[in-house]
Amino acid sequence: RFSLIRTAVPVKWVEEITKCPADHLPLLTQCLGYGNGNVRISRSVSQTLQGQIGKRSSLGETLLPPTHEKLARLYRSLDGATDPNETGKDTIVCWLEKVHHLAHGGAACAEEWKAQTLQLRDHLCERARVLSRNEHRYREAAHLYERIVEEIDRRDAYAWHYLGFNLYRSAADRKQIEKAYKKALELDPTNPWWNSRYLTFLIEQARFTDADEAVSY
């Protein structure tokens, strides 16, 4: 839980998030974390801890979304806005952190995430990855990647590819899937991952001639 905190926060937040016994709290605030008054955790330590959680996927699925939900609530208490233009220099970081934690907070945070004014590619991409990788809600993930290519950047090869991938995983129309895969390759033709997925898509349909031509191209 502690590893999910990305900015300096009051010690009382650490206590609330981790539910750590008082006599063990210095392990978090003085060993794993650091700071006077407010506590932060370095990126390298955070990544190491999250890597250990990742090896125990069932633990991550149990602990992480509720922790993100709590952090979103705490940051919400500081920014109180749905639009970043309504924040100030002292609260914009709180709004950004809230949006990050809402994106990872599971079903409990889904509606509040949608209620935010989100105009940046990274916000949509982050939520789309969570929907696809963690929640397996491929149709919703595809919708967000589609927003990126339609509203933000039509030359975003990553978004085109994962639009195709999530359409594929949601059993969407094959023509739509192929269009997205081919657009990603048009923009980034040497990407091995994009090529591999497209070839697999063709081979699964027994379109071996098309696959040979794609390899030649």
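Counting starts from 1 at the beginning of each chain's written sequence and moves along it residue by residue. Where totals are concerned, whole chains, interfaces and linings use all residues; where local detail is concerned, this predicted model gives features only for residues with pLDDT of at least 70, and gives and counts side-chain atom pairs only at 80 or more. Each side-chain value is derived from all of the structure's non-hydrogen atoms; neither hydrogens nor water enter the calculation.

A. Summary view of the environment of tyrosine 138. Position of tyrosine 138 relative to the elements: it lies in helix H8 (residues 138-152). Remark: the alpha-carbon pair of tyrosine 138 and leucine 63, spanning 75 residues in sequence, is separated by 22 Å. Residue contacts are defined here by distance: any two heavy atoms, one from each residue, within 4.5 Å place the two residues in contact. Discounting chain neighbours no more than four positions away, the residues touching tyrosine 138 are Ser132, Asn166, Arg169 and Ser170. A distance of 3.1 Å separates polar atoms of two side chains, one belonging to tyrosine 138 and the other to histidine 136. In this text, helices come from DSSP runs of H or I with a minimum length of four residues, and strands from runs of E with a minimum of two, each type numbered from the N-terminal end. Whenever a nitrogen or oxygen atom comes within 3.5 Å of another N or O atom, the pair is scored as a polar contact, on the condition that within protein one atom can donate a hydrogen and the other can accept it, and that pairs from neighbouring residues in sequence are kept only if both atoms are in side chains.

B. Focus on the sheet that holds strand S3 (residues 38-41). We call two strands paired when DSSP finds no fewer than two bridges between them. Strand order in the open sheet formed by three strands is S1-S3-S2, with antiparallel pairing between adjacent strands. Looking along the sheet, the strands with just one partner apiece sit at the ends: strand S1 (9-10) and strand S2 (33-34). Alignment of S2 against S3, held across two bridges, turns out to be antiparallel. Across the sheet, the residue bridging to tyrosine 34 is arginine 40, located in S3.

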